[in-house]
Amino acid sequence: VLDVGTGSGYQAAVLAELAGEVFTIERIPELAEQARANLAAAGYDRVHVHVGDGTLGLPKHAPFGAIAVAAAAPDLPPQLYEQLEARGRLAVPVGGRWGQRLELIIRSPEGPAVVRSVPCRFVPLVGEGGFAD
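Source: prediction; values computed, not measured. (Residues numbered from 1 in each chain as written. Predicted model: local features only at pLDDT ≥ 70, side-chain atom pairs only at ≥ 80, totals over all residues. Heavy atoms only, no water.)

Overview of the overall build of the protein
Counting secondary structure elements, the protein contains three helices and seven strands. Relative to the globule expectation of 14 Å for 133 residues, the C-alpha radius of gyration of the protein, 14 Å, shows essentially globular dimensions. When its C-alpha atoms are laid out on the principal axes, the protein stretches across 40 × 30 × 25 Å. Residue burial in the protein is summarised as follows: out of 133 residues, 41% are buried. With the model as given, the accessible surface of the protein reaches about 7000 Å², and the carbon-plus-sulfur share is 57%. (Helix = DSSP H or I, 4+ residues; strand = E, 2+ residues; numbered from the N terminus. Rg over C-alpha atoms; globule rule 2.2 N^0.38 Å. Buried < 20%, exposed > 50% of the residue type's maximum accessible area, 1.4 Å probe, protein only. Areas by Shrake-Rupley, 256 points an atom, 1.4 Å probe, with all protein chains shown as cover.)

What to know about unusual backbone geometry
Trans peptide bonds make up most of the peptide bonds, and negative phi angles are found at most residues other than glycine. With omega at 5°, the peptide bond leading from Ala-62 into Pro-63 counts as cis. Along the chain, Pro-63 falls in the loop between strand S3 (47-51) and strand S4 (64-69). Positive phi, normally seen in glycine, also occurs at Arg-87, with a value near 70°. Mapping Arg-87 onto the fold places it in strand S5 (residues 84-96). Overall, Arg-87 belongs to the exposed group, its relative accessible area being 56%.

Some remarks on the environment of Gly-111
With respect to the helices, strands and loops of the structure, Gly-111 is situated in strand S7 (residues 111-120). Sequence spacing of Gly-111 and Val-47 is 64 residues, and the spatial spacing of their C-alpha atoms is 29 Å. Apart from the residues within four sequence positions on either side, Gly-111 is in contact with Tyr-81 and Ile-106. (Contact = heavy atoms within 4.5 Å.)

A closer look at the environment of Ile-105
With respect to the helices and strands, Ile-105 occurs in strand S6 (residues 99-108). Judged by relative accessible area, which is 1%, Ile-105 ranks as buried. For Ile-105 and Leu-39, which are 66 residues apart along the polypeptide, the C-alpha to C-alpha distance reads 28 Å. Beyond its immediate sequence surroundings of up to four residues, Ile-105 is in contact with Leu-76, Tyr-81, Gly-88, Arg-89, Leu-90, Val-92, Pro-112, Ala-113 and Val-114.

Concerning the pairing of S3
In this structure, strand S2 (residues 22-26) lies alongside S3, joined through five bridges in parallel fashion. Each bridged residue has a counterpart across the sheet, and for Glu-26 the counterpart in S3 is Val-51. The parallel pair S2 and S3 is bridged by helix H2 (residues 29-41), and the resulting crossover is right-handed. (Pairing = 2+ DSSP bridges. Right-handed = clockwise from strand over helix to strand, strands pointing away.)

Some words on the sheet that holds S4
As summarised here, the arrangement of the seven strands in space is S3-S2-S1-S4-S5-S6-S7, forming an open sheet in which the pairing is mixed. The open sheet has two free edges, formed respectively by S3 and S7, since each of these has just one partner strand. This sheet shows a mean twist of 20° between the axes of neighbouring strands, independent of strand direction. Against the sheet, helix H1 (residues 10-18) engages strand S1 (2-4), S2, S3 and S4, with an angle of about 170° to S2. (Axes fitted to C-alpha atoms, helices over the stretch in contact; angles between N-to-C directions.)

Let's talk about the pattern of salt bridges
Tallied over the entire structure, the rule returns three salt bridges. In this structure, Glu-82 and Arg-107 form a salt bridge, with 3.5 Å as the shortest nitrogen-oxygen distance. Of this pair, Glu-82 sits in helix H3 (residues 78-82) while Arg-107 sits in strand S6; the two residues are 25 residues apart in sequence, bridging distant segments of the chain. On the basis of relative accessible area, Glu-82 is assigned to the exposed category, the value being 52%. Note that Arg-101 and Glu-103 form a salt bridge whose closest N and O atoms lie 3.1 Å from each other. The class of Glu-103 is buried, set by a relative accessible area of 10%. (Salt bridge = Lys/Arg side-chain N within 4 Å of Asp/Glu carboxyl O.)

Written as structure tokens, this is what we have:
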């Protein structure tokens, strides 16, 4: 599983309870370091913390069976979708800065298939494939 937007590491820890291995990416180095310490202290050795642009994912560790994004993107981030394995799932808030739809997208042979969408509000996903600062 890929977790985009590590923050404190909480979501990565929850995902580690559900998946065999978790890769998480955070753009703010200080947050990533704190998450790394939090996760190590809690015994989550199957969570790998990376610093970088979450909109680009972690292509060298792909494909992922699932990707969870903890910030809103203006559109489906194509780089993240491409890192899904066949039938992999991507949960991502999509929309403007002030309101989005939390979408569950499946990678299908025909292209992205949105299977669920509910209103939500997240902080903006900042980076090459997201919003500018």
